[in-house]
Amino acid sequence: MTYQISSLEDYKQTYQRSIDDPEGFWADQAETFTWRKKWDSVLEWDFREPNIKWFSGAKLNITENCLDRHIATRGDQVAILWEPNNPADEVQKFTYRELLAAVCKCANALKALGIEKGDRVVFYMPMVPELAIAVLACARIGAVHSVVFAGFSAQALADRVNDASAKMIICSDFNNRGSKHIPVKKVVDEAMAKGCPSIENILVHKNSNEDIEWSDKDVWWHDQVAGQSEECPAEIMDAEDLLFILYTSGSTGKPKGVVHTCGGYMVYTCFTFKNAFQYKDGDIYWCTADIGWITGHSYIVYGPLLAGATSVMFEGVPTYPDAGRFWEICEKHQVNQFYTAPTAIRALMARGDEWPNKYDLSPLKLLGSVGEPINEEAWNWYNKTIGKEKSPIIDTWWQTETGGIMITPLPGITDAKPTYASYPMPGVQPVLLDADGNLVEGNNVEGLLCIKFPWPAMLRTTYGDHERCRQTYFSVFKDMYFTGDGARRDEEGRIRVIGRVDDVMNVSGHRMGTAEVENAINEHENVIESAVVGYPHEIKGQGIYAYVITDGSKGGEDLINEIRAVVTREIGPIAKPDKIQVVSGLPKTRSGKIMRRILRKIAAKDTSNLGDVSTLLNPEIVEEIIKGSL
Ligand code: WTA
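These figures come from a predicted structure and were not determined experimentally.

> For helix H14 (residues 376–386), give the residues involved together with the corresponding values.
Those residues of H14 that sit buried are Ala378, Trp379, Trp381, Tyr382, Asn383, Thr385 and Ile386. The secondary structure elements touched by the buried residues of H14 are helix H11 (325–333), strand S18 (337–340), helix H12 (342–350), helix H13 (354–357), strand S19 (366–370) and strand S20 (393–396). Just beyond H14, the residue with positive phi is Lys388, at close to 50 degrees.

Written out as structure tokens, the structure reads:
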């Protein structure tokens, strides 16, 4: 059984050991899993390359650890409890035994369609159980899954399919999200029309009674999966074989495919799940994320199943049919651990206490937060109104690249201070650096957050472009993994993550590169140049503010709406700018670089201290932009 820390003293000792003897510590954790062959070495690493190998030489299949090994002890326990978008529809429960059978059937179907070990399979699906099943089916046969959030546009989907040279897309016909009925397969058809030459088949799960367009590459899930055997031998994987690719935004225009491998990811997600959530047998655990993001991968699917938990999966949105839906589900399924994003907390807080107050939330033992900094007001509301001041809050800091939770309070074990992610997980060695790469020591200080030693679930590369991985994360500071976040350390050593220091925005907990949005805006025929920055937004955390220079041939609301439509077409509605200001120029340095610092301040309505603008190429533009700001 995975080790579960039980007291403050235990945490301190465990942490100390994980630093003094990382290999011994992680080997002990790894011993609790099913391996077909044990490792030759626990860790080989060199951050300069980077070259990181955990449990080298070991053989395993992660689904044997998620499913098969639980059958003897908890075969009839619910593994996935699925709550539909429409509360009147039927809840679906999959026991571990049923889930294993469903995964094997799907795995056999994929094999019959020619999917083999190492092939990439892209997902574009709503939050239906078949998504989790098919993800695990890929892992069963050693295919590499790459889940694309089903809110991305056809262009964004095609870009990811082509970057991964995927052989198959798995999608649904429609997505039921709140009151919306979204034609998902149609987006896949559009992506195909843009050119996805590597795709051989599209496996379509039926989620509605409506007809859809059909091509000779399309295969219905129900035709392909139904007749398959419920047994499928697990492909034996190397610990360092690819498990999945997940695309995420960075500071350049092109999203990168973060690569995670089998062995280390397994050990780390299970360990962090058991410890951060203090999951006990019989608990009902619910993470509200979408499997299109890393949180859904690690803490709806892999972590909970590895730990033998009951994991709730929800198809819908927090406000449908009304703003009480989350709390209604908590009551209905007697949820014990609840994990969501600050943006959802803020949105629900704004709807008033009467919604949560209608429901019995007494089974809740723990509340989690992830994806962006949680402000004090939201933290306090979460604590009082949802947790009744008896459920510890864990503010978990981590990233797509880290694979699992890195810094978090341990509920009931370490204290929780509002807005602080607090203390590192065992095995995690965070440091703060100044801009020159010097260690910032002592407490009550701020710096750039780096990690100085490998942990098992860290990214290994960016798909197809190892150099990009090296440059983005490992070359900024020598022998360090650079997170891209700024942080502060308080007088007792707790860490508070303040936010990104690079050109990445965090909009409703979604990572979005400013360059990515600019590229999309520039696709509009009348736009000459644009600059995008994030600004503080009450509900979303950050909103998107775009400054655009146009050719003057068009203006007004029409232009603004067209630009929004272009961004929706190029990336998806989540990247739509909240504010678009047409300007005649952008503040630039003499070398032609856009001074984003000034634009960020103007967007934040903080123009009292813009610094010296006289060295700009065009200082007069600043006043004009301030005057016209929204
Ligand atoms: C931010 C999500 C403050 C941070 C798991 C990070 C946070 C980025 C927190 C990663 C937190 C995540 N407090 N900021 N508790 N958690 N972030 O890859 O800027 O979607 O770098 O992973 O979200 O976002 P990603």
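Now, onward.
> If you had to explain the site of the ligand to someone new, which residues and values would you point to?
Surrounding the ligand, one finds 17 residues, the nearest of these being Asp395, Thr400, Asp485, Arg500 and Arg511. Thr400 is positioned with one of its side-chain polar atoms (N or O) 2.6 Å from an oxygen atom of the ligand. Coverage of the ligand by the protein chains reaches 96% of its 530 Å² of free accessible surface. Mapped onto the shell around the ligand, the elements with two or more residues apiece are helix H10 (294–306), S20 and strand S25 (495–500). Partitioned by chemical class, the residues of the shell around the ligand number 6 nonpolar, 6 polar and 5 charged.

> Please set out the sheet that holds strand S17 (residues 310–314) residue by residue, giving values where relevant.
Within the open sheet, the 7 strands sit side by side as S5-S4-S17-S16-S18-S19-S20. Their pairing is mixed. Every interior strand has two partners, whereas the edge strands, strand S5 (92–95) and S20, have only one. The mean angle between the axes of side-by-side strands here comes to 20 degrees, regardless of whether they run parallel or antiparallel. In the packing of H10 onto the sheet, the strands contacted are strand S4 (78–83), strand S16 (284–287), S17, S18 and S19, and the crossing angle to S16 comes to about 160 degrees.

> Describe the packing of aromatic side chains, and please don't skip the residues or the numbers.
According to the stated counting rule, one finds 41 aromatic pairs in the structure shown. Taking the centre distance of 5.5 Å and the plane angle of 40 degrees together, the rings of Phe273 and Phe277 count as tilted. Here Phe273 matches Phe277 in class, with each residue buried. When the centroid spacing of 6.4 Å and the interplanar angle of 65 degrees are considered together, the rings of Trp327 and Trp381 count as edge-to-face. With Trp327 in helix H11 and Trp381 in helix H14, this residue pair connects regions lying 54 residues apart in the sequence. The two residues Trp327 and Trp381 agree in class, both being buried. Site record: aromatic cluster; members linked through ring pairs are Trp45, Phe47, Phe453, Trp455, Tyr473, Phe474 and Tyr481. Taking the ring centre of Phe152 as reference, the NZ or CZ of Arg160 above it sits at 4.4 Å. Above the ring of Tyr420, the side-chain terminus of Lys417 is found at 4.4 Å from the ring centroid.

> Describe the pairing of strand S30 (residues 579–582), with residues and values.
Two strands pair when backbone bridges link them, and strand S29 (residues 541–550) and S30 are joined in this way by 4 bridges, in the parallel orientation. Bridge pairing in S30 links Tyr547 to Gln581. Tracing the backbone out of S29, into helix H17 (residues 556–570) and back to the parallel element S30 gives a crossover that is right-handed.

> A description of the domain arrangement of the chain should follow, citing residues and the corresponding values.
On domain assignment, one finds that the chain holds domain 1 (1–20 + 35–76 + 255–430 + 467–479) and domain 2 (505–628). The centre of domain 1, based on its C-alpha atoms, is set 34 Å off from the matching centre of domain 2. Each partner contributes to the interface: domain 1 provides 11 residues, whereas domain 2 provides 11 residues. Buried surface at the junction of domain 1 and domain 2, summed over both partners, amounts to about 810 Å²; 51% is from carbon and sulfur atoms. Counting the surface domain 1 buries against domain 2, the share from its top three residues, Trp293, Thr343 and Arg346, is 48%. Linking domain 1 with domain 2 are 1 salt bridge. One salt bridge in this structure joins Arg511 and Glu401, with 3.0 Å as the shortest N-O distance. The interface formed by domain 1 and domain 2 includes 5 residue pairs in polar contact (both at pLDDT 80 or more). Looking at the side of domain 1 that touches domain 2 residue by residue, the class counts come to 4 nonpolar, 4 polar and 3 charged.

> Tell me about the pattern of salt bridges, and please be specific about residues and values.
Applying the stated rule across the entire model yields 38 salt bridges. In this structure, the salt-bridge partner of Arg74 is Asp281, at a minimum N-O distance of 3.2 Å. Here the residue Arg74 occupies a position in helix H3 (residues 62–74), and Asp281 occupies one in the loop between helix H9 (262–276) and S16, the gap between them amounting to 207 residues. Arg74 sits in the buried class, given a relative accessible area of 14%.

> Residues and numbers for unusual backbone geometry, please.
Residue Glu49 is joined to Pro50 through a cis peptide bond whose omega torsion reads -10 degrees. Mapping Pro50 onto the fold places it in the loop between strand S1 (41–46) and strand S2 (51–56). Here the amide bond leading from Tyr320 into Pro321 is cis, since omega sits at -5 degrees, within 30 degrees of zero. The phi torsion at Gln334 lies on the positive side, around 55 degrees, for a residue other than glycine. Mapped onto the fold, Gln334 is located in the loop between H11 and S18. Take Gln334: its relative accessible area is 42%, and that puts it in the partly exposed class. Located in the positive-phi region is Ser422, a residue other than glycine, with phi close to 75 degrees. Relative to the helices and strands, Ser422 is located in the loop between S20 and strand S21 (430–433).

> Before we move on, can you summarise the sheet that holds strand S22 (residues 445–451) with the specific residues and values?
One key point about sheets: their strands pair by backbone hydrogen bonds, in either a parallel or an antiparallel sense. The 4 strands are arranged S21-S22-S24-S25 in an open sheet whose pairing can be described as antiparallel. Both edges of this open sheet fall to S21 and S25, since each of them pairs with a single strand only. Across the sheet, the axes of successive neighbouring strands diverge by a mean angle of 45 degrees, strand direction being ignored. Of the strand pairs in this sheet, S22 and strand S24 (residues 481–489) are connected by 6 bridges, and their pairing is antiparallel. Along S24, the bridge assignment pairs Ile451 with Tyr481.

> For empty space enclosed by the protein, give the residues involved together with the corresponding values.
All told, the structure shown has 1 cavity of 30 Å³ or more when counted by the stated rule. Its volume calculated, the largest cavity comes out at about 40 Å³. Taken together, Val147, Val148, Phe149, Phe152, Arg160, Leu246, Tyr247, Gly292 and Trp293 make up the full set of residues lining the largest cavity. Here the residues of the lining of the largest cavity sort into 7 nonpolar, 1 polar and 1 charged.

> If you had to explain the pairing of strand S15 (residues 256–261) to someone new, which residues and values would you point to?
Each regular strand shows side chains that alternate between the opposite faces of the sheet. The buried fraction of S15 amounts to 6 of the 6 residues, a majority that puts the element mostly inside the structure. Neither face of S15 is exposed, since Lys256, Val258 and His260 on one face and Gly257, Val259 and Thr261 on the opposite face are all buried. Of the pairings in the sheet, the one linking S15 to strand S23 (residues 461–462) comprises 2 bridges and is antiparallel in character. Looking at the pairing, Val259 lines up with Thr461 of S23.

> Please set out the side chain of Arg460 residue by residue, giving values where relevant.
Considering the arrangement of structural elements, one finds Arg460 in the loop between S22 and S23. Under the relative-accessibility criterion, Arg460 is labelled buried at 8%. In terms of polar contacts, Arg460 uses its side chain to reach the backbone carbonyl oxygen of Pro456, at 3.1 Å. Only 2.5 Å separates the side chain of Arg460 from the backbone oxygen of Met458, close enough to count as a polar contact. Discounting residues that sit within four places of it in the chain, Arg460 has contacts with Ile52, Trp54, Glu240, Val259, Thr261, Gly264, His466 and Cys469.

Parameters and conventions
- Residues numbered from 1 in each chain as written.
- Predicted model: local features only at pLDDT ≥ 70, side-chain atom pairs only at ≥ 80, totals over all residues.
- Heavy atoms only, no water.
- Buried < 20%, exposed > 50% of the residue type's maximum accessible area, 1.4 Å probe, protein only.
- Helix = DSSP H or I, 4+ residues; strand = E, 2+ residues; numbered from the N terminus.
- Contact = heavy atoms within 4.5 Å.
- Near = heavy atom within 4 Å.
- Polar contact = N/O pair within 3.5 Å; in protein donor to acceptor, adjacent residues only side chain to side chain.
- Areas by Shrake-Rupley, 256 points an atom, 1.4 Å probe, with all protein chains shown as cover.
- Nonpolar A, V, L, I, M, F, W, Y, C, P; charged D, E, K, R; others polar.
- Pairing = 2+ DSSP bridges.
- Axes fitted to C-alpha atoms, helices over the stretch in contact; angles between N-to-C directions.
- Phe/Tyr/Trp six-rings, centres within 6.5 Å; stacked < 30°, edge-to-face > 60°.
- Lys NZ or Arg CZ within 6 Å of the ring centre and 35° of its normal.
- Right-handed = clockwise from strand over helix to strand, strands pointing away.
- Domains from an automatic or database assignment.
- Buried area = accessible area lost by both parts, 1.4 Å probe.
- Salt bridge = Lys/Arg side-chain N within 4 Å of Asp/Glu carboxyl O.
- 1 Å grid on protein atoms, 1.4 Å probe; cavity = no way out; pocket = protein on both sides within 12 Å on 5 of 7 lines; lining within 4 Å.
- Points joined across faces, edges and corners; volume = space filled by probe spheres on them.

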